[in-house]
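In case you want the letters, here they are:
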Amino acid sequence: MQRWRGMEDIPQDWGRSVVTIGSYDGVHRGHQLIIGRAVERARELGLPAVVVTFDPHPSEVVRPGSHPPLLAPHHRRAELMAELGVDAVLILPFTKEFSQLSPADFIVKVLVDKLHARAVIEGPNFRFGHRAAGDVAYLAELGATYDYEVEVVDLYVTGEAGDGRPFSSTLARELVAGGDVAGAAEILGRPHRVEGVVVRGAQRGRELGYPTANVETLPHTAIPADGVYAGWLTADGERMPAAISVGTNPQFDGTERTVEAYAIDRVGLDLYGMHVAVDFLAYVRGQQKFASIEALLEAIADDVKQCRELTEAYDAK
């Protein structure tokens, strides 16, 4: 899959394509319907499928300080889109100047002049251009002029997550923030992932017999509520069952919030400096301060047992 950073990266001989546009944070199950239909339509027409997205999140430019927590960084979104069959991802730098483009200028500069759109696939609430003045009706209206078709896909999926609310990135973020990683996984279609580089911490886990990877997370990452979770730690392509702790480590009067993962039953791992991924499967318990180190060790042993059982059960499905 091709990845372009800005319109100048698009090959000059790029032909016609099928396009879908959006932030697509998390590439959740609703997003998958739209992107999947774009890929399907591209195959029908014998053309490449292109996803157009933005960096930073448009809200940060329009309303500075409002950048939402991210469910997936751009490289992860690209991986997920590639799995859906997307041929190219265009990441447009979202600047103040870019935000001033009228809907008509956006269509001409991006869809017509650069991507030569033959078809555009969007959800019903898609908005674009200055002050989000453009909608799918306007997109279709100009399609008659610029020779592209517009197809609107209903992205509304519902389930148990969020008490039946339609799936969305906003709902997934709410569930992650509340520690309901199982609910978030229903929306995403996979466990929520946090990524970052392993850095040196206080090394108390090592002293206690449970060495953890202290993950310095990427900016704006959506991090689950404080507590202990079952999940996996992936490093250098290896996926390992893990007991994951999120919080400030109140047992030792910590103040800095961290994400730490203990790779269950693994000995001698040296992950310092490595980029790793932590996938959250299930909430186990809240953050606690115990009466003694002995009580803490007993709780950790129980946590590890539960996490081992939960991940084994999930992998056995």
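Residues numbered from 1 in each chain as written. Predicted model: local features only at pLDDT ≥ 70, side-chain atom pairs only at ≥ 80, totals over all residues. Heavy atoms only, no water.

S.K.: Could you give an account of the sheet that holds strand 6 (residues 149–152), naming the residues involved and the relevant values?
M.R.: If you walk across this open sheet you meet the 6 strands as 1-4-3-2-5-6, and the pairing is parallel. Because the sheet does not close on itself, it has two edges, and the strands there are strand 1 (2–5) and strand 6. Going from strand to strand, the sheet's axes swing by 25 degrees on average, the running direction of each strand aside. Of the pairings in the sheet, the one linking strand 1 to strand 4 (residues 88–93) comprises 4 bridges and is parallel in character. Looking at the pairing, Trp4 lines up with Leu90 of strand 4. Helix 1 (residues 29–45) contacts strand 2 (17–21), strand 3 (49–55), strand 5 (117–122) and strand 6 of the sheet and is inclined by roughly 155 degrees relative to strand 5. Against the sheet, helix 5 (residues 103–112) engages strand 2, strand 3, strand 4 and strand 5, with an angle of about 130 degrees to strand 2. (Pairing = 2+ DSSP bridges. Helix = DSSP H or I, 4+ residues; strand = E, 2+ residues; numbered from the N terminus. Axes fitted to C-alpha atoms, helices over the stretch in contact; angles between N-to-C directions. Contact = heavy atoms within 4.5 Å.)

S.K.: Go over the sheet that holds strand 9 (residues 227–235), please, and point to the residues and values.
M.R.: If you walk around this closed barrel you meet the 6 strands as 7-8-11-10-9-12, and the pairing is antiparallel. On average, each strand axis in the sheet is inclined to that of its neighbour by 45 degrees, with strand direction left out of account. Here strand 7 (residues 192–199) runs beside strand 12 (residues 275–285); their pairing, made up of 6 bridges, is antiparallel. Note that in strand 12 the partner of His192 across the bridge is Phe280.

S.K.: Describe the packing of aromatic side chains, listing the residues and the values that go with them.
M.R.: Throughout the structure, instances matching the rule amount to 11 aromatic pairs. Plain terms: the ring middles of Tyr229 and Phe280 are 5.2 Å apart, the flat faces sit at 85 degrees to each other, and that makes the pair edge-to-face. On the criterion of sequence distance, the pair formed by Tyr229 in strand 9 and Phe280 in strand 12 is long-range, its members being 51 residues apart. You'll find Tyr229 and Phe280 in the same group, each marked buried. Their ring planes at 75 degrees and their centres at 5.5 Å tell us that Tyr229 and Tyr283 sit as a pair that is edge-to-face. (Phe/Tyr/Trp six-rings, centres within 6.5 Å; stacked < 30°, edge-to-face > 60°. Buried < 20%, exposed > 50% of the residue type's maximum accessible area, 1.4 Å probe, protein only.)

S.K.: Report on the packing of helix 7 (residues 169–177) against helix 8 (residues 181–188), specifying residues and quantitative values.
M.R.: Packed helices, taken two at a time, are described by their axes: the angle between them and the distance between them. Put simply, helix 7 and helix 8 touch, their axes get as near as 7 Å, and they point 160 degrees apart. Taken together, helix 7 and helix 8 sit at an angle that is classed as roughly antiparallel. For the pair helix 7 and helix 8, the crossing hand works out as left-handed. Contacts between helix 7 and helix 8 involve Leu171, Ala172, Leu175 and Val176 on the former and, on the latter, Gly183, Ala184 and Ile187. In terms of residue class, the contact of helix 7 with helix 8 is built from 6 nonpolar, 1 polar and no charged. (Parallel < 35°, antiparallel > 145°, perpendicular 65-115°, else oblique. Left-handed = near helix turned anticlockwise from the far one by under 90°. Nonpolar A, V, L, I, M, F, W, Y, C, P; charged D, E, K, R; others polar.)

S.K.: Kindly report on the environment of Leu297, identifying the contributing residues and their values.
M.R.: With respect to the helices and strands, Leu297 occurs in helix 10 (residues 293–315). Overall, the relative accessible area of 29% leaves Leu297 in the partly exposed class. Residues Leu297 and Tyr210 lie 87 residues apart in sequence; the distance between their C-alpha atoms is 9.4 Å. Contact partners of Leu297, with chain neighbours within four places excluded, come to Leu208 and Tyr210.

S.K.: Give a description of the packing of helix 5 against helix 6 (residues 136–146) that names residues and reports values.
M.R.: Where helix 5 meets helix 6, the closest approach of the two axes is 11 Å, and the angle between their N-to-C directions is 55 degrees. By the criterion of interaxial angle, the relationship of helix 5 to helix 6 is oblique. Here helix 5 runs over helix 6; the crossing is right-handed. Contact residues: Pro103, Ala104, Ile107, Val108, Leu111 and Val112 in helix 5; Tyr138, Leu139, Leu142 and Tyr146 in helix 6. Looking at the contact of helix 5 with helix 6 residue by residue, the classes come out as 10 nonpolar, no polar and no charged.

S.K.: Go over the pattern of salt bridges with me, naming the residues and quoting the values.
M.R.: All chains considered together, the criterion is met by 20 salt bridges. Across the pair Arg5 and Asp55 runs a salt bridge whose closest N-O atoms are separated by 2.8 Å. A residue pair is termed long-range when its members are at least 10 positions apart, and Arg5 in strand 1 and Asp55 in strand 3 qualify at 50 residues. With a shortest N-O distance of 3.6 Å, Asp25 and Arg77 are connected by a salt bridge. One end of the pair, Asp25, is in the loop between strand 2 and helix 1; the other, Arg77, is in helix 3 (residues 74–83), and 52 residues separate them in sequence. Overlapping salt bridges, with partners in common, bring together Arg37, Glu40, Arg41, Glu44, Arg118, Glu149 and Glu151 in one network. (Salt bridge = Lys/Arg side-chain N within 4 Å of Asp/Glu carboxyl O.)

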